[in-house]
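# Reading the structure
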Amino acid sequence: MRIAAIALYLRRFLLAWLVAMPLAAAPAAASGVDPALLAPLAGDDTDARLQAIAALGQLPDPAAAAVLQALGEDRLYATDDGRVLIGGKGASATDAATGAAAELPADAGTIAINNRLRRAIETALAGSRLYSEQPAERLAAARRLQQTGDPARLPMLEKALAAEKDDAVRDALLIAQANLELKSGDPAKRRHAVELLGGTRNAAFRPTLAALTQQRDGVYAEPDPEVREAAERALKQIDRHLATIEWAGNLFYGISLGSVLLLAALGLAITFGLMGVINMAHGELLMIGAYVTYVVQTLFRAWLPGWLDWYVLAALPLAFAVTALVGMALERTVIRWLYGRPLETLLATWGISLILMQGVRTLFGAQNVEVGNPGWMSGGVTVLGGLVLSYNRLVIIGFAFFVVFLVWALLNHTRLGLFVRAITQNRRMADCVGVPTGRVDMLAFGLGSGIAGLAGVALSQLGNVGPDLGRGYIVDSFMVVVLGGVGQLAGTVIAALGLGGVNKFLEPYAGAVMAKITILALIVLFVQKRPQGLFAPRGRSVE
């Protein structure tokens, strides 16, 4: 029994010793680098130094990366007694072999390197940083290795792939692996590389894959037929992905353009649908809203620089108020005397538009002014591996639908909205039952003008602001209103998004000018068949 107990104790002691030994040795292994690898760095043999640098790059050890980085930054020193030190601040240093702190002796000399060694250090650092704890560093290292052509890196890449958990880093490592396998003499490896590159669906690899399928003087660049077939399949895979990105991009920019048209036409739909006024100054109301945004931005830069990212939120109510007041003033002073006379109204509002443009030129100059995007509207999100959805356009799309919801709620759930709908359906009857048609006309015109000011705020986030800003949207706004149906909110939404989408899908084939001409011709033909638009107005006044 005693012998069995002793044997059991010895087994437990041996097991504990075996477990403790790696743990005790780990800090020592991680704290320094093998002196046999450091010695060639201080020598004069360039080939030996290159081999030592390559060996250090394959070590999954932060200490090896520190040595390479110090060598590339001229902070690696050699002493007369054969030590290699990493220079720190002042006279402090670190022994590269032991990891211990040390003083930089007077006889220490900087280990000099040439351009060839510097390039080798960059490549070796990329390999060494594959084992970093930071995913961003591993991703940068993997992308750096995509540019190397050394097949000796393949084992290191395969080892890193086996341990990598981050999807973005794995994709970058796979591309680096494929680039090296394409140079292999083994057809199976080349075929595997082609499949990897096709799986990335990255257009940057299309020339490389296309070169494999080409022939010169009757001889294919890729001798193996299976590899060529894999390359053709990969090319089709990439082309399908590019077509999907193009379609999705046209759809997104079509919705974005449609949202801008929706904001621009929404106020016009209210004024034109309610009062039948052809307001040619509507585009200049957009311009005023954009210039109000510019003024607010300037004030924030001067007085509230810490809040500059939120100037757009302050500009929205101010632009609405200013343009609404301008619209109500126009209605009270000019337009109210011209009801029922469309030609005179058109000429008068066209003259007002010229006055407003000249007034802006006098105040702000004839040159465009720059309105910058706030930080939270800058940049974008990448989808489908190549389509960038900019934040400013995403915000404008959401803002347009939010404004549509507010207008719908106002027209259907407020007293003013009830009066507006009553006047739109039958103005004479509404007047007979006590609806103040004159005041409602003024408020409705102010509402439409205020919405135009909100559209100007949105337009200021897409480009420069100038006196001619509104001219580019007045014709499109009228097309949206006529196509959707006069005074019809749902028709305006559908017409704006439809015109924006059709325009963006036609532009790649017909050009920007021909696309607009084609859309105008289609609208003319549509109105000939259906004069009331997509949604017919309701009420006795229509009859």
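Residues numbered from 1 in each chain as written. Predicted model: local features only at pLDDT ≥ 70, side-chain atom pairs only at ≥ 80, totals over all residues. Heavy atoms only, no water.

On to the overall build of the chain, then. Looking only at helices and strands, the chain features 21 helices and nine strands. The proportion of buried residues among the 543 residues of the chain is 42%. As presented, the chain carries roughly 28400 Å² of accessible surface, and 62% of it is formed by carbon and sulfur atoms. (Helix = DSSP H or I, 4+ residues; strand = E, 2+ residues; numbered from the N terminus. Buried < 20%, exposed > 50% of the residue type's maximum accessible area, 1.4 Å probe, protein only. Areas by Shrake-Rupley, 256 points an atom, 1.4 Å probe, with all protein chains shown as cover.)

A pair of packed helices is captured by two measures, namely the crossing angle of their axes and the spacing between those axes. Taken N-terminus to C-terminus, the directions of helix α6 (residues 135-145) and helix α8 (residues 167-181) make an angle of 15°; their axes are 8 Å apart at the nearest point. As judged from the angle between their axes, α6 and α8 are roughly parallel. In this structure, α6 meets α8 at a crossing whose hand is left-handed. On the side of α6, the interface is formed by Pro135, Arg138, Leu139, Ala142, Arg143 and Leu145, while α8 contributes Ala168, Val169, Ala172, Leu173 and Ala176. (Axes fitted to C-alpha atoms, helices over the stretch in contact; angles between N-to-C directions. Parallel < 35°, antiparallel > 145°, perpendicular 65-115°, else oblique. Left-handed = near helix turned anticlockwise from the far one by under 90°. Contact = heavy atoms within 4.5 Å.)

Looking now at the nonpolar core. With 71 residues, the main nonpolar core has Val403, Val407 and Leu499 as its most contacted residues. With 11 residues, helix α11 (residues 225-275) is the single largest residue contributor to this core. The contacts of Val403, once residues within four sequence positions are left out, are Leu263, Leu266, Ile451 and Leu454. Within the second largest apolar cluster, 24 residues are counted, among which are Ala63, Ala70, Ala78 and Ile121. (Core = buried A, V, L, I, M, F, W, Y, C linked by side-chain atoms within 4.5 Å.)

This part is about the pairing of strand β9 (residues 387-390). As judged from the four bridges shared by strand β8 (residues 380-383) and β9, these two strands associate in the antiparallel manner. Within the sheet, the bridge partner assigned to Gly380 lies in β9 and is Ser390. (Pairing = 2+ DSSP bridges.)

A word on the sheet that holds strand β3 (residues 92-95). Taken together, five strands build an open sheet; the order of strands is β4-β3-β2-β1-β5 and the sheet is antiparallel. The open sheet is flanked by β4 (101-103) and β5 (109-110), the only strands paired with a single partner. Inspection of the sheet shows strand β2 (residues 84-87) paired to β3 by three bridges, in the antiparallel sense. Opposite Ile86, over in β3, you have Thr94 as the bridge partner.

Here Ser449 lies in helix α18 (residues 437-460). Overall, the relative accessible area of 1% leaves Ser449 in the buried class. Separated by 2.8 Å, the side chain of Ser449 and the backbone oxygen of Phe445 make a polar contact. With sequence-adjacent residues up to four places away left out, Ser449 is seen in contact with Leu285, Thr323, Ala324 and Gly327. (Polar contact = N/O pair within 3.5 Å; in protein donor to acceptor, adjacent residues only side chain to side chain.)

Moving on, we come to a nonpolar patch on the surface. On the surface, a cluster of nonpolar side chains totalling about 940 Å² of accessible area is made up of Val295, Leu299, Trp303, Leu304, Trp307, Trp310, Leu313, Trp376 and Val395. Considering each element in turn, the nonpolar patch owes the most residues, three residues, to helix α12 (residues 282-303). (Patch = residues over 30% accessible without salt bridge, like charges linked within 9 Å, V, L, I, M, F, W, Y side chains within 5 Å. Salt bridge = Lys/Arg side-chain N within 4 Å of Asp/Glu carboxyl O.)

Here the focus is α18. For α18, with 24 residues, the first-to-last C-alpha span of 34 Å sits near the 34 Å given by 1.5 Å per residue. Of all 24 residues in α18, 21 are buried; the element is thus mostly enclosed. (Expected span 1.5 Å × (residues − 1).)

Let us now look at the pattern of salt bridges. Applying the stated rule across the entire model yields five salt bridges. The shortest N-O distance in the salt bridge between Glu226 and Arg191 comes to 3.1 Å. One end of the pair, Glu226, is in helix α11; the other, Arg191, is in helix α9 (residues 187-200), with 35 residues separating them in the sequence. The class for Arg191 is partly exposed, based on a relative accessible area of 25%. Between Asp239 and Arg206 there is a salt bridge, with the nearest N and O atoms lying 2.8 Å from each other. Separated by 33 residues along the polypeptide, Asp239 in helix α11 and Arg206 in helix α10 (residues 206-213) bring together distant segments of the chain. Here Asp239 falls in the partly exposed class, since its relative accessible area comes to 30%.

To continue, consider the UniProt feature "transmembrane region" (unreviewed entry) in the chain. Sequence positions flagged by UniProt for "transmembrane region" (unreviewed entry) are, in local numbering, residues 251-278, 285-304, 310-330, 342-364, 384-411, 478-502 and 508-527. When the span residues 310-330 is considered, its composition is 95% helix and 0% strand, and the gap between its end C-alpha atoms is 31 Å. Annotated as residues 508-527, this span is 95% helix and 0% strand, and its ends, taken at the C-alpha atoms, are 26 Å apart. (UniProt positions renumbered as here; feature names shortened; annotations may be inferred.)

A few words now on the pairing of β3. Burial along β3 is one-sided: the residues Ala93 and Asp95 are buried and none of Ser92 and Thr94 is. Here β3 runs beside β4; their pairing, made up of three bridges, is antiparallel. By the bridge assignment for β4, Ser92 is matched with Glu103. Remark: five residues form the turn of the hairpin made by β3 and β4, two consecutive strands paired antiparallel; Gly99 in that turn has positive phi of roughly 80°.

So, about the packing of aromatic side chains. On inspection of all chains with the given rule, the structure shows six aromatic pairs. With 5.2 Å between their ring centres and 70° between their planes, Phe252 and Tyr253 make a pair best called edge-to-face. Judged by its relative accessible area of 8%, Phe252 is buried. Aromatic pair Trp310 and Trp376: ring centres 5.8 Å apart, planes at 20°, arrangement stacked. With Trp310 in the loop between α12 and α13 (311-333) and Trp376 in the loop between α14 (342-364) and β8, this residue pair connects regions lying 66 residues apart in the sequence. Clustering of aromatic rings is evident, with ring pairs tying together Tyr291, Tyr294 and Phe364. The lysine or arginine in question, Arg228, covers the ring of Tyr220, its NZ or CZ lying 3.9 Å from the ring centre. A cation sits over an aromatic face here: Arg336 above Trp337, 4.9 Å from the ring centre. (Phe/Tyr/Trp six-rings, centres within 6.5 Å; stacked < 30°, edge-to-face > 60°. Lys NZ or Arg CZ within 6 Å of the ring centre and 35° of its normal.)

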